[in-house]
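Single-letter residue listing:
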Amino acid sequence: MAMMISVAALTMSGAMLWLTHGLGSEGLKQWGWGLFTYAVALPVLTLRPMVPEPLSIVAGNTLLAGAVSLMLWGYYRFLKLPANRWLIIGPVLLTTLCMLVFIDQLAARVIANGLISGTQALLMGVIVYRHRQLTPGRGYQLLLAGCCIGVTIFYGRFITVGSGAVTHIDSLGAHLLQTLSFVGSLASVMLDSLGFIGMIKERADERNRRLAMFDELTGIANRRAILDEFGKRFSEALRHRLSLCVLMIDVDHFKQVNDNYGHQAGDRVLKAIAEAIGTRLRTQDSVGRYGGEEFMVVLPNTSHSCGMLVAEKLRCSIRSTPIDIDGRTLTLSASIGVLGSPITAGSTVDAMIRASDAALYRAKSLGRDRVEQGVLDMSQT
Ligand SMILES: Nc1nc2c(ncn2[C@@H]2O[C@H](COP(=O)(O)OP(=O)(O)OP(=O)(O)O)[C@@H](O)[C@H]2O)c(=O)[nH]1
């Protein structure tokens, strides 16, 4: 049985190491080496007398503790936290020490091993639970379930042997306790590993979802997401006969920032302006990056006149936002085109965007740093 478990662990570790070869792998590499160590530990523990008994006991158990430590290290890497060295090295050193001290006392070894391995599983479970908000999906649930099985199996060994409930144990035989330990440890390691892979996949999915929705530079919605939002708000306004307002905001003379201070300074300006806009909107309003230095704001249930007021407030706010560029303070202005309208059957999203865009370009041609109102041209809808 130990050989079968070893082959299963070896296969999985090989697959993990192959998958992560040459990649910065968020801890998958350490976890893969942990599985490999686990796979090596089992034959070392069970192939007696091919492996001399003292070596088998000390090396096998140390490798098992090391396997869990490597997995824990992998989990710390996944969390992007510095690993707590004592939690990683401590159980390995303690296991080696206990195995050396109790080399001739099987019961004492089982008790010590149960206590150390159970505590390792408990520690992993506690760390996973404490960081559950980072990846609260099914991967987390599997990993936690694996830790719970580990805690049950190893503390079970510690309690049953420590309390004297089991006295005649044969470390290599088919004793129920040993069988349960092997099977439970395999279940625990497999659930932990599948859970960990699941967590990495969930995080990658979430990252891709964010990349698809949010502008990487400013953190606000990207063009696709703000257009989606506008579409949704438009349908809602049409259904309930509400007003909807759209603002197109374009930073004035932004090219000069790039030319005079560099592209990175330009990026910082865009971030600061996105923040200045975002913080002054109501929770139901949305802002997105429509293009290079152009932002789109959607104001649901807002009339044209209220939209003009919001636009004026945003213009002043951008004008009064100091932006620190390498010790120098820049202030920029923006031109804004506004189109607010009760949404009726004849209105379209495209016509509203066209009208607000036209207003924006009128604001530019009239000298910039101003708000202009758009006119909805129904003939082109
Ligand atoms: N730093 C930075 N620059 C960008 C980004 N996207 C677009 N740009 C730059 O934004 C500038 C836009 O320039 P223009 O369209 O001429 O507009 P402007 O200089 O703001 O002039 P007006 O809009 O007419 O006031 C270009 O130089 C683009 O390279 C970005 O993500 N980061």
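Residues numbered from 1 in each chain as written. Predicted model: local features only at pLDDT ≥ 70, side-chain atom pairs only at ≥ 80, totals over all residues. Heavy atoms only, no water.

Draft legend 1. View of the overall build of the protein. When its secondary structure is counted, the protein shows 12 helices and 7 strands. Counting only residues that meet the buried cut, the protein has 47% of its 381 residues in that class. Counting contacts in the protein only where the partners sit at least 6 residues apart, residues at least 24 apart contribute 71% of the total. In the structure as shown, the protein presents an accessible area of about 18,900 Å², 62% of it carried by carbon and sulfur atoms. (Helix = DSSP H or I, 4+ residues; strand = E, 2+ residues; numbered from the N terminus. Buried < 20%, exposed > 50% of the residue type's maximum accessible area, 1.4 Å probe, protein only. Contact = heavy atoms within 4.5 Å. Areas by Shrake-Rupley, 256 points an atom, 1.4 Å probe, with all protein chains shown as cover.)

Draft legend 2. The arrangement of unusual backbone geometry in detail. Positive phi is not limited to glycine here, since His 253 has a value of about 45°. Note that His 253 resides in the loop between β1 (243-251) and α9 (254-261). You will see that Asn 301, though not glycine, has its phi angle at about 50°, which is positive. Note that Asn 301 resides in the loop between β3 (294-300) and α11 (304-319).

Draft legend 3. Focus on the site of the ligand. Lining the immediate environment of the ligand, one finds 16 residues, of which His 253, Phe 254, Lys 255, Asp 267 and Arg 289 sit closest. At a separation of 3.1 Å, an oxygen atom of the ligand approaches a polar backbone atom of Val 251. Between the ligand and Arg 368 there is a distance of 2.8 Å, counted from an oxygen atom to a side-chain nitrogen or oxygen. Compared with its free state, where it exposes 670 Å², the ligand has 67% of that area covered by protein. Put simply, the parts of the chain that give the shell around the ligand at least two residues each are β1, α9 and α10 (263-279). No other element matches the 4 residues that α10 contributes to the shell around the ligand. Among the residues making up the shell around the ligand, the classes are represented as 3 nonpolar, 5 polar and 8 charged. (Near = heavy atom within 4 Å. Polar contact = N/O pair within 3.5 Å; in protein donor to acceptor, adjacent residues only side chain to side chain. Nonpolar A, V, L, I, M, F, W, Y, C, P; charged D, E, K, R; others polar.)

Draft legend 4. Spotlight on the environment of Gly 288. Along the chain, Gly 288 falls in strand β2 (residues 286-289). Separated by 73 residues in the primary sequence, Gly 288 and Asp 215 place their C-alpha atoms 8.0 Å from one another. Discounting chain neighbours no more than four positions away, the residues touching Gly 288 are Ile 220, Ala 221, Ile 226, Glu 294, Phe 295 and Met 296.

Draft legend 5. Looking closely at the packing of helix α3 (residues 53-79) against helix α7 (residues 176-213). Where α3 meets α7, the closest approach of the two axes is 12 Å, and the angle between their N-to-C directions is 15°. As judged from the angle between their axes, α3 and α7 are roughly parallel. As α3 packs across α7, the resulting crossing turns out to be left-handed. Counted together, Met 71, Gly 74, Tyr 75 and Phe 78 of α3 and Val 189, Phe 196, Met 199, Ile 200 and Arg 203 of α7 form the full contact between these two elements. The residue inventory of the contact of α3 with α7, partitioned by class, reads 7 nonpolar, 1 polar and 1 charged. (Axes fitted to C-alpha atoms, helices over the stretch in contact; angles between N-to-C directions. Parallel < 35°, antiparallel > 145°, perpendicular 65-115°, else oblique. Left-handed = near helix turned anticlockwise from the far one by under 90°.)

Draft legend 6. Seen up close, the UniProt feature "transmembrane region" (unreviewed entry) in the protein. Taken from the UniProt record, the annotation "transmembrane region" (unreviewed entry) applies to residues 55-74, 86-103, 109-129, 141-160 and 180-200. With 100% helix and 0% strand, the stretch residues 180-200 has end C-alpha atoms that lie 30 Å from each other. (UniProt positions renumbered as here; feature names shortened; annotations may be inferred.)

Draft legend 7. Representation of the side chain of Glu 372 in the model. Along the chain, Glu 372 falls in strand β7 (residues 371-373). A distance of 3.3 Å separates polar atoms of two side chains, one belonging to Glu 372 and the other to Arg 362. Beyond its immediate stretch of four places on either side in the chain, Glu 372 contacts Ile 336, Gly 337, Val 338, Ala 359, Arg 362, Ala 363 and Leu 366.

Draft legend 8. Region of the structure containing the pairing of β3. Extensive coverage of β3 is indicated by the burial of 7 of its 7 residues. Bridging between β1 and β3 involves 7 bridges; their strand directions are antiparallel. Counterpart to Met 248 in the pairing with β3 is Met 296. Where β2 folds back on β3, the antiparallel hairpin that results is connected by 4 residues. (Pairing = 2+ DSSP bridges.)

Draft legend 9. Spatial organisation of the nonpolar core. Core analysis: the biggest nonpolar cluster contains 31 residues, and Leu 247, Ile 249, Val 269, Ile 277, Phe 295, Val 297 and Leu 314 have the highest contact counts within it. It is α10 that provides the largest number of residues to this core, a total of 7 residues. Dropping the residues within four chain positions of it, Leu 314 is found in contact with Leu 247, Ile 249, Ile 277, Arg 280, Leu 281, Val 297 and Ile 336. In terms of nonpolar packing, the next biggest core, distinct from the first, is built from 29 residues, Leu 28, Leu 42, Ala 67 and Leu 143 among them. (Core = buried A, V, L, I, M, F, W, Y, C linked by side-chain atoms within 4.5 Å.)

Draft legend 10. Quick peek at the pairing of strand β6 (residues 334-342). Burial runs high along β6: 8 of the 9 residues are buried. Taken together, the 3 bridges between β6 and β7 define a ladder with parallel strand orientation. Each residue of the ladder has a partner; that of Ile 336, found in β7, is Val 371. Between β6 and its parallel partner β7, the chain crosses via helix α12 (residues 349-365), and the hand of that crossover is left-handed. (Right-handed = clockwise from strand over helix to strand, strands pointing away.)

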